[in-house]
Amino acid sequence: MLLTLVIVIAVIIAWLTWHYASRRHNLPCPACLSFLVEMDNPFTNVNRAQTIIQHLDIKPGMRILDIGCGPGRLTIPIAKIIGQTGQVVALDIQQAMLNKVRDKASKESLNNIHYINLDIGNFHLADTGFDRVLLVTVIGEIPAQLNALKEIHNVLSSHGILSITEIIFDPHFHRQKTILKIA
C-alpha cells in the first residue's frame, strides 16, 4: 500500500515537473518512450488513432503533413489510406522518431512517406498545398506556437484543414480556449 502511494506521488511529481518545464523548453516525448505514444489511451476515445483519422475525411491522393509524427501512430495508417497517388510528410524534431516511422513504413512496403527532421515554427517548410495538417498532442511541445501556426497556415492549401488534438492526460495539454487564443 505504501509503495503504491509512493509510486503514484512520484508519477504526479514527474508529470507536473514535465508539464511546467515544457512550457519554457522544447521537451518532446523522448524516442525511448515512443511505446507510450503508440498506445491508444484506454481512458478516452478522442485520442485514438482510428477516431482521429475518421474525423479527417482523408481520401486517396491527398497530401498530409503530420507534425510531431512521433513513431508514426497516425502516419502509417494515413499512408495506407491515401495510397500511391498521395503523400504523407512525417515531420519530427527527433531523428530517432523518424527512423521508427521509416522502419515501419519499410515493413509495410509504403513508399509514399517523406521524412523531415526539423522544429516547426522557424519557417523552414518549403512544401505547400497540404490538404490536412495534423498536430496530435504536440502543440504544447512547440516553443514558438504562434510562428508554428503561421507556418502551418502558409503550407495549407486553400481548402486544407488543420486538425489539433489534445488530451488532458498529456503533460503538454492545452485547453481549447488556449489554442483558440493562440490561433
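Structure first, text after, so check above.
First, a word on what this report is: a plain description of the structure on this page. Computed from a prediction, not measured in an experiment: that's the story for all the values here.

As a further point, take the pattern of salt bridges. Applying the stated criterion to the full structure yields 3 salt bridges. Between D57 and K59 there is a salt bridge, and its shortest N-O distance comes to 2.4 Å. On the accessibility criterion, K59 (41% relative accessible area) is partly exposed. The closest approach of N and O atoms between R63 and D127, which form a salt bridge, is 3.5 Å.

Moving on: the sheet that holds strand β5 (residues 156-165). Sheet architecture is open: 5 strands sit in the order β3-β2-β1-β4-β5, paired in parallel fashion. The sheet is open, and its two edges are formed by β3 (113-117) and β5, each paired on a single side. Within the sheet, the average angular offset between the axes of one strand and its neighbour, ignoring direction, is 15°. With 4 bridges connecting them, strand β1 (residues 63-67) and strand β4 (residues 130-136) associate as parallel partners. The residue of β4 that forms the bridge with L65 is V133. Relative to β3, helix α5 (residues 95-107) is tilted by about 170°, and along the sheet it contacts β2 (87-92) and β3. Docked against the sheet, helix α6 (residues 145-155) engages β1, β4 and β5, running at close to 140° with respect to β5.

Okay, unusual backbone geometry next. With phi around 55°, S109 is a residue other than glycine that occupies positive phi space. The topology assignment puts S109 in the loop between α5 and β3. One non-glycine residue, F123, lies in positive phi territory at about 55°. Overall, F123 belongs to the partly exposed group, its relative accessible area being 42%.

Our next topic: the pairing of β3. Bridging between β2 and β3 involves 5 bridges; their strand directions are parallel. For V89, the partnering residue across the bridge sits in β3 and is H114. With respect to chirality, the unit in which β2 leads through α5 into the neighbouring parallel β3 is right-handed.

Right, let's talk about the side chain of R63 for a bit. Tracing the backbone through its elements, the reader meets R63 in strand β1. At 3.1 Å, the side chain of R63 and the side chain of Q87 are in polar contact. In terms of polar contacts, R63 uses its side chain to reach the backbone carbonyl oxygen of T128, at 2.5 Å. Ignoring sequence-local partners within four residues, the contact set of R63 consists of Q87, D127, T128, G129, F130, D131 and R132.

As a further point, take the nonpolar core. With 23 residues, the main nonpolar core has I58, I64, L74, I78 and I113 as its most contacted residues. Among the secondary structure elements, those contributing two or more residues to this core are α3 (49-55), α4 (75-82), β2, α5, β3 and β4. When neighbours within four sequence positions are excluded, I113 is seen to be in contact with T75, I76, A79, V88, A90 and A105. In this structure, I116, L125, F130 and V138 belong to the second largest nonpolar core, which totals 21 residues.

The rules behind the values
Residues numbered from 1 in each chain as written. Predicted model: local features only at pLDDT ≥ 70, side-chain atom pairs only at ≥ 80, totals over all residues. Heavy atoms only, no water. Salt bridge = Lys/Arg side-chain N within 4 Å of Asp/Glu carboxyl O. Buried < 20%, exposed > 50% of the residue type's maximum accessible area, 1.4 Å probe, protein only. Pairing = 2+ DSSP bridges. Helix = DSSP H or I, 4+ residues; strand = E, 2+ residues; numbered from the N terminus. Axes fitted to C-alpha atoms, helices over the stretch in contact; angles between N-to-C directions. Contact = heavy atoms within 4.5 Å. Right-handed = clockwise from strand over helix to strand, strands pointing away. Polar contact = N/O pair within 3.5 Å; in protein donor to acceptor, adjacent residues only side chain to side chain. Core = buried A, V, L, I, M, F, W, Y, C linked by side-chain atoms within 4.5 Å.

So, to be careful, I would describe these as geometric facts and stop short of saying anything about function.
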